[in-house]
Amino acid sequence: MQQYQLKSRQICFFLIAFLPINKLFIMPSVIANVANEDMWISALITLLVDFITLLFIIKAARNAKTDFFGLLENSFGKTGAKIILALYFIYFSLKTIIPLNEQKDYVELTLYTLKPSIFYFLPFFLVPLYLCTKKIRILGRAADVLWTITLNGFITLIVLSIGNADFNAILPIGARGASAILKGSYLSVGWFGDAVYIMFLTGEFLCRKKDCVKICLSYALGAVMVIIFMIVFYSVFTSISFRQRFALTEISKYTTVINNLGRFDYIGIIMILFSGLISLSLPMYFGARIINYIFQIKKVWIAPIISVGIQIIIMLTFYQFLSSIESFIMNYMGIFFIVFANILPCFTILLNKKELSYEKG
Amino acid sequence: MRMKLCDSLNENVKKLKQTLCSEDITFLPFNVGQLDAVLIFVNDLIDKDSVGELILRPAKKIDGYPNQDKIFNAFLSPEKKCVYTFDETVAEVLLGNAVIMCDKNAFSLSFGLKFFEKRAITEPPTSTVIKGPREGFVESLPVNISMMRRKLKSPDLIFENVTVGKYSSTPVALCYIKGIADEKLVKKLKKRIKEIEIDAVLDSSYLSKFLGEHRFSIFKQIGNTEKPDILAGKILEGRIAVFVDGSPIALTVPYLLIEDFQSASDYYNSSYSATIARYIRIFSVALALFLPAIFVAAELFHLQLIPLSFLLTIVNSIKGIPLSPSYEMFFTLLIFEILNEASVRMPKYVGMVVSIVGGLVLGETAVNAGIISAPTLMIIALSGICLYTVPELEQTFSILRLFFLIVAGSGGIYSLIISISILFIYLISFENYSTPLCAPFAPLIPSDMKDAVYKGFIDELDMRPSSIKSKNKRRIKIKGNS
């Protein structure tokens, strides 16, 4: 009988805990620059595309008798599986760059306004490095705890900021036209693609019909959180939203600063930041698993060092050009992200789902 | 020495005397009927009245040359057994039993006539309660076992004995309830204890170091308690207890982190007050661990976190302080730890002096002299008190508090969040005897939440915790309910 490392409940919590996090830092201001009051529609479109991908993936997960690596091996043989996974390793490496860079900027420019330095951010890499050495069930356990933290952090921020929101600002809906909305979606595609994580967890959890419904609802809850954040953000800052680069810090600042409470809202921000560390580590985690599978490395620390080391090297080597790289990825690599995050995962449904005993990495 | 006894008394005694050559061991010659015999015992471990009544007097009444059965039946002691090898005979003597050896018989007869001074049963200082039983375990294993038997009068309450220690030969007893405890775990634990090769086991804490599966962990891996009511509750949940002779602290396996946030009084008070008390403990620990670190981080890196009026108060109080906030907090914490250590070690009446000197003289004078600021002192005092709401974890959390303080002083709040994240990953992945340390939170076990996030009513706790492996899950059955 197949041993599942995760429970379907943990997949639900995984989506609630980690799906909204990285979309709350810089992405709102990026979309606001293009789509303005229709920014939430841009996000909604991308979320819907991602949701459709998720539906394909959980359909595939329902009958899977082995994990994702096994499914690939069943269908394409060992070499084929390795090639596909190597491409996904590149995808994960690129997917990490934008959120990593934005979190670095966020930490430097928001938390350390007095003496900004990259060295305050570098210890972050210890988190993915350590997480990558852990088994997949640890992700489930982390989600078991962090979903409440994410939810509480989010509610704190929204409650503190909603008083300053003017919801008329988002009206009329669709005023910016389809091209602006779609451009907003295209630019922000790098921040989405959470269904891919579920694809890599295929076969690790039991997925009955009722579990599928719960997973879909959890995705919907995570998506609703993102949309609410977008709407409140634009309603607070209206036409100057695109100037509020760090949406997470900016959204609730009026309440706390005006009332002389100190930045009380930082409690919520820190909660989200806490979940964010794990969320940001996820692409590196799956990257390390891919390396382990491809090279069948026995030593626990090697794959994490490679996966995380690549990001450290990129960050330190291209420190001066990170914004340009980020801009390049947003403007020119949208298709690449769509292919790997939305199109290819839909084909999971066609993979051979028979049981396979293979040497796990 | 697995050598069998021979039927020559002189030869047996000669060999025994080579091993038991200490002067406190008596070899008393007497007769059993017409047979020569020797009674061997350790002088100060034996009840000499009982020796006279139960061994020497009946021995005089035997006639002729009795065989093994006749000798065995002639003595009426309730605790007697035949042993046939030298090492078993030596062990019996050293355990404090009286041993008879007769000529022409290749066995020795051991009598359990131990007698030594014991401490009275008192309330353990580490877990005092306002309501509820006040008795605590003592250093004597038989007394501790009897206390457990009095609590749980069931044939399913099993004690299994093992001896550990090359020189101490310390009796160790595993205690569990058959049908509730996981048998695989019992076997594993027993095997582990038997494999321990150590000179002496002077306290149960010696064993706990060997029973833990993570050698370098600063977190507790084995639970412990000094109270029979708590232990009875724990083994009824499926845990296994380990008693060590000479220690008033019983060990329990498996251990969950939440155990130390649950107090005995939670189960004797109303569920509401127990739930509130639990939250206070959790909040206090969070305060104790993070308050000094957050304060230093805020002062050094994130002034925007502090409300303006409070910021002005801090600015006024730190004016003229020669040390930077992190050094100031670090040294104050260090002084607190020194005072703490000194007050624990010192005799009680000197301890009072330490409290006065530490609290009033050192603290107040340091603030007045402008060496440390009042908020720093207040934070350390608050943190110190808060930590004692969960005394079992005080040592671990003291180390973590110091670590977090250093991290926050060096890298601010983000470094603090990173270190908490790493600790979080460590804790959720930590397992001992296949039981996750952070259950029922990670992994989430909803059914166990009624004795974790809140303290449910007694009838709600109808099932044993799923965090601990157990065959028999139901513990309360209310008539009329399924």
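Residues numbered from 1 in each chain as written. Chains lettered and ligands numbered in written order. Predicted model: local features only at pLDDT ≥ 70, side-chain atom pairs only at ≥ 80, totals over all residues. Heavy atoms only, no water.

Colleague: Hey, could you run me through the nonpolar core in this one?
Modeller: Nonpolar side chains tend to gather and get buried jointly when the protein is soluble and globular. The biggest cluster of nonpolar side chains holds 185 residues, and the ones touching the most others in it are A:Phe124, A:Phe200 and B:Tyr414. Within the second largest apolar cluster, 23 residues are counted, among which are B:Tyr176, B:Ile193, B:Val244 and B:Leu251. (Core = buried A, V, L, I, M, F, W, Y, C linked by side-chain atoms within 4.5 Å. Buried < 20%, exposed > 50% of the residue type's maximum accessible area, 1.4 Å probe, protein only.)

Colleague: Hey, could you run me through the environment of A:Ser241 in this one?
Modeller: Residues and elements named next belong to chain A. One can find Ser-241 in the loop between helix H9 (209–237) and helix H10 (247–250). Once the C-alpha coordinates of Ser-241 and Lys-214 are considered, the two residues, 27 residues apart in sequence, prove to be 34 Å apart. The contact partners of Ser-241, leaving out residues within four places of it in the chain, are Ser-29, Ala-32, Phe-233 and Tyr-234. Side-chain polar atoms of Ser-241 contact the backbone oxygen of Thr-238, separated by 2.6 Å. (Helix = DSSP H or I, 4+ residues; strand = E, 2+ residues; numbered from the N terminus. Contact = heavy atoms within 4.5 Å. Polar contact = N/O pair within 3.5 Å; in protein donor to acceptor, adjacent residues only side chain to side chain.)

Colleague: Quick question: what am I supposed to make of the side chain of B:Arg281 here?
Modeller: Within the secondary structure, B:Arg281 sits in helix H9 (residues 271–300). Once residues within four sequence positions are removed from consideration, B:Arg281 is found in contact with B:Phe261, B:Gln262, B:Ser263, B:Asp266, B:Thr389 and B:Val390.

Colleague: Quick question: what am I supposed to make of the pairing of strand S9 (residues 240–244) of chain B here?
Modeller: Strand residues, when the strand is regular, have side chains that alternate between the two faces of the sheet. All names here are of chain B. In terms of burial, S9 is a largely internal element, 5 of the 5 residues being buried. The two faces of S9 match: Ile-240, Val-242 and Val-244 on one face and Ala-241 and Phe-243 on the other face are all buried. Pairing between strand S7 (residues 170–177) and S9: 4 bridges, direction antiparallel. When the bridges of S9 are listed, Val-172 appears paired with Val-244. (Pairing = 2+ DSSP bridges.)

Colleague: Just checking my understanding: could you explain the interface of chain B and chain A for this structure?
Modeller: Often, the extent of an interface is quoted as the loss of accessible area upon association of its parts. Residue-level contacts link 31 residues of chain B with 36 residues of chain A. Together, the buried faces of chain B and chain A total about 2,900 Å²; carbon and sulfur atoms form 70% of this surface. At the boundary of chain B with chain A, the tally comes to 2 salt bridges. Linking A:Arg141 and B:Glu431 is a salt bridge whose minimum nitrogen-to-oxygen distance equals 2.5 Å. Here chain B is connected to chain A by 9 residue pairs in polar contact (both at pLDDT 80 or more). Among the elements that make up the side of chain B that touches chain A, the one with the highest residue count is helix H14 (residues 394–429) of chain B (16 residues). Its residues assigned to classes, the side of chain B that touches chain A comprises 22 nonpolar, 8 polar and 1 charged. (Buried area = accessible area lost by both parts, 1.4 Å probe. Salt bridge = Lys/Arg side-chain N within 4 Å of Asp/Glu carboxyl O. Nonpolar A, V, L, I, M, F, W, Y, C, P; charged D, E, K, R; others polar.)

Colleague: Looking at this model, I keep getting lost on the sheet that holds S9(B). Mind explaining?
Modeller: All names here are of chain B. The strand order across the open sheet formed by 5 strands is S6-S7-S9-S10-S8, and the pairing between neighbours is antiparallel. Edge strands, defined here as strands with exactly one partner in the open sheet, are strand S6 (157–164) and strand S8 (223–225). Adjacent strand axes in the sheet meet at a mean angle of 25° when their direction is disregarded. One ladder, built from 3 bridges, connects S9 with strand S10 (residues 250–253); its direction is antiparallel. Note that in S10 the partner of Ala-241 across the bridge is Thr-252. (Axes fitted to C-alpha atoms, helices over the stretch in contact; angles between N-to-C directions.)

Colleague: Hey, could you run me through helix H13 (residues 374–387) of chain B in this one?
Modeller: Its 14 residues give H13(B) an end-to-end C-alpha distance of 20 Å, which sits within 8% of 20 Å, the value for a rise of 1.5 Å per residue. As for H13(B), its buried residues are in contact with H9, helix H10 (308–318), helix H11 (325–345) and H14 of chain B. (Expected span 1.5 Å × (residues − 1).)

Colleague: Is there a simple way to explain the packing of aromatic side chains in this structure?
Modeller: Two numbers describe a pair of aromatic rings. These are the distance of the centres and the angle of the planes. Inspection of the entire model under this criterion finds 47 aromatic pairs over all chains. Seen in terms of ring centroids, A:Phe69 and A:Tyr293 are 5.1 Å apart; in terms of plane orientation they differ by 15°. Their pairing is stacked. Within this pair, whereas A:Phe69 is found in helix H4 (residues 68–111), its partner A:Tyr293 is found in helix H12 (residues 266–295), the two being separated by 224 residues in sequence. If you follow B:Lys17 out to its NZ or CZ, it ends over the ring of B:Phe27, 5.3 Å from the centre. Sitting over the face of the ring of B:Phe72, B:Lys80 holds its NZ or CZ atom 4.6 Å from the ring centroid. (Phe/Tyr/Trp six-rings, centres within 6.5 Å; stacked < 30°, edge-to-face > 60°. Lys NZ or Arg CZ within 6 Å of the ring centre and 35° of its normal.)

Colleague: Looking at this structure, how should I read the packing of H4(A) against H12(A)?
Modeller: A pair of packed helices is captured by two measures, namely the crossing angle of their axes and the spacing between those axes. Residue and element names in this part refer to chain A. Where H4 contacts H12, the two axes come as close as 7 Å, and the packing angle between them is 150°. It follows from the interaxial angle that H4 and H12 lie roughly antiparallel. Where H4 crosses over H12, the two elements pack in a sense that is left-handed. For the contact of H4 with H12, a count of residues per class yields 23 nonpolar, 5 polar and 4 charged. (Parallel < 35°, antiparallel > 145°, perpendicular 65-115°, else oblique. Left-handed = near helix turned anticlockwise from the far one by under 90°.)

Colleague: Mind showing me how you'd approach the environment of A:Ile97 here?
Modeller: All names here are of chain A. By the element assignment, Ile-97 lies in helix H4. Ile-97 sits in the buried class, given a relative accessible area of 7%. Residues Ile-97 and Ala-303 lie 206 residues apart in sequence; the distance between their C-alpha atoms is 18 Å. The contacts of Ile-97, once residues within four sequence positions are left out, are Gln-311, Ile-314, Ile-325 and Ile-329.

Colleague: Is there a simple way to explain the side chain of A:Lys134 in this structure?
Modeller: Along the polypeptide, A:Lys134 turns up in the loop between helix H5 (126–131) and helix H6 (137–162). No salt bridge is formed by the buried A:Lys134; the nearest opposite charge belongs to B:Glu431, separated by 10 Å. Looking at A:Lys134, its side chain comes within polar contact range of the side chain of A:Tyr130, at 3.3 Å. Ignoring sequence-local partners within four residues, the contact set of A:Lys134 consists of A:Tyr285, B:Ile425 and B:Ser429. (Lys, Arg positive; Asp, Glu negative; His and termini not counted.)

Colleague: I'm lost on the sheet that holds strand S1 (residues 25–32) of chain B in this one. Help?
Modeller: Through backbone hydrogen bonds, the strands of a sheet pair up, either in parallel or in antiparallel fashion. Residue and element names in this part refer to chain B. Read from one edge of the open sheet, 5 strands run S1-S2-S4-S5-S3, paired in antiparallel fashion. The two strands at the open ends of the sheet, each matched to only one other strand, are S1 and strand S3 (80–83). In this sheet, neighbouring strand axes are inclined to one another by 25° on average, regardless of whether the strands run parallel or antiparallel. As judged from the 4 bridges shared by strand S2 (residues 35–42) and strand S4 (residues 98–102), these two strands associate in the antiparallel manner. Among the inter-strand pairings, Ile-40 is bridged to a residue of S4, identified as Val-99. The strands touched by helix H2 (residues 48–60) within the sheet are S1, S2, S4 and strand S5 (108–111), with S1 carrying the most contacts at an inclination of about 30°.

Colleague: Quick question: what am I supposed to make of the pattern of salt bridges here?
Modeller: Opposite charge on two side chains permits pairing when their charged atoms draw close. Residue and element names in this part refer to chain B. Taken as a whole and assessed by the stated rule, the structure comprises 32 salt bridges over all chains. For Arg-192, the salt bridge goes to Glu-213, with nearest N and O atoms at 3.4 Å. Placement of Arg-192 in helix H6 (residues 183–194) and of Glu-213 in the loop between helix H7 (204–211) and S8 is noted, with a sequence separation of 21 residues between them. Residue class for Glu-213 comes out partly exposed when judged on its relative accessible area of 30%. Note that Lys-220 is salt-bridged to Asp-260, the shortest N-O span being 3.0 Å.

Colleague: Would you mind showing me how to read unusual backbone geometry here?
Modeller: Excluding glycine, most residues fall at negative phi; most peptide bonds, likewise, are trans. The peptide bond linking A:Leu171 to A:Pro172 adopts the cis configuration, its omega dihedral lying at -10°. In this model, B:Lys104 sits at a positive phi of 65°, which is unusual for a non-glycine residue. Overall, B:Lys104 belongs to the exposed group, its relative accessible area being 58%. The phi angle at B:Ser169 is positive, at roughly 40°, despite the residue not being glycine. With respect to the helices and strands, B:Ser169 occurs in the loop between S6 and S7.

Colleague: Sorry if this is basic, but what is going on with the confidence of the model for chain A here?
Modeller: In regions of low pLDDT, the predicted coordinates are not meant to be interpreted in detail. Averaged over all residues, the pLDDT of chain A equals 89, while 95% of them reach at least 70. For chain A, per-element mean pLDDT is lowest for helix H11 (residues 253–258) of chain A, which scores 70, and highest for H5(A), which scores 96. (pLDDT = per-residue confidence, 0-100.)

Colleague: Can you walk me through helix H13 (residues 302–317) of chain A in this structure?
Modeller: Structurally, the α-helix is built with 3.6 residues per turn, so residues lying three or four positions apart point the same way. Residue and element names in this part refer to chain A. Given a rise of 1.5 Å per residue, 16 residues ought to cover 22 Å, and the 21 Å separating the end C-alpha atoms of H13 matches this to within 8%. Maximum bend of H13: about 25°, positioned at Gly-309. When we look at burial in H13, the residues that qualify are Ala-303, Pro-304, Ser-307, Val-308, Gly-309, Gln-311, Ile-314 and Met-315. (Bend = angle between axes of the 7 residues up to and from the residue.)

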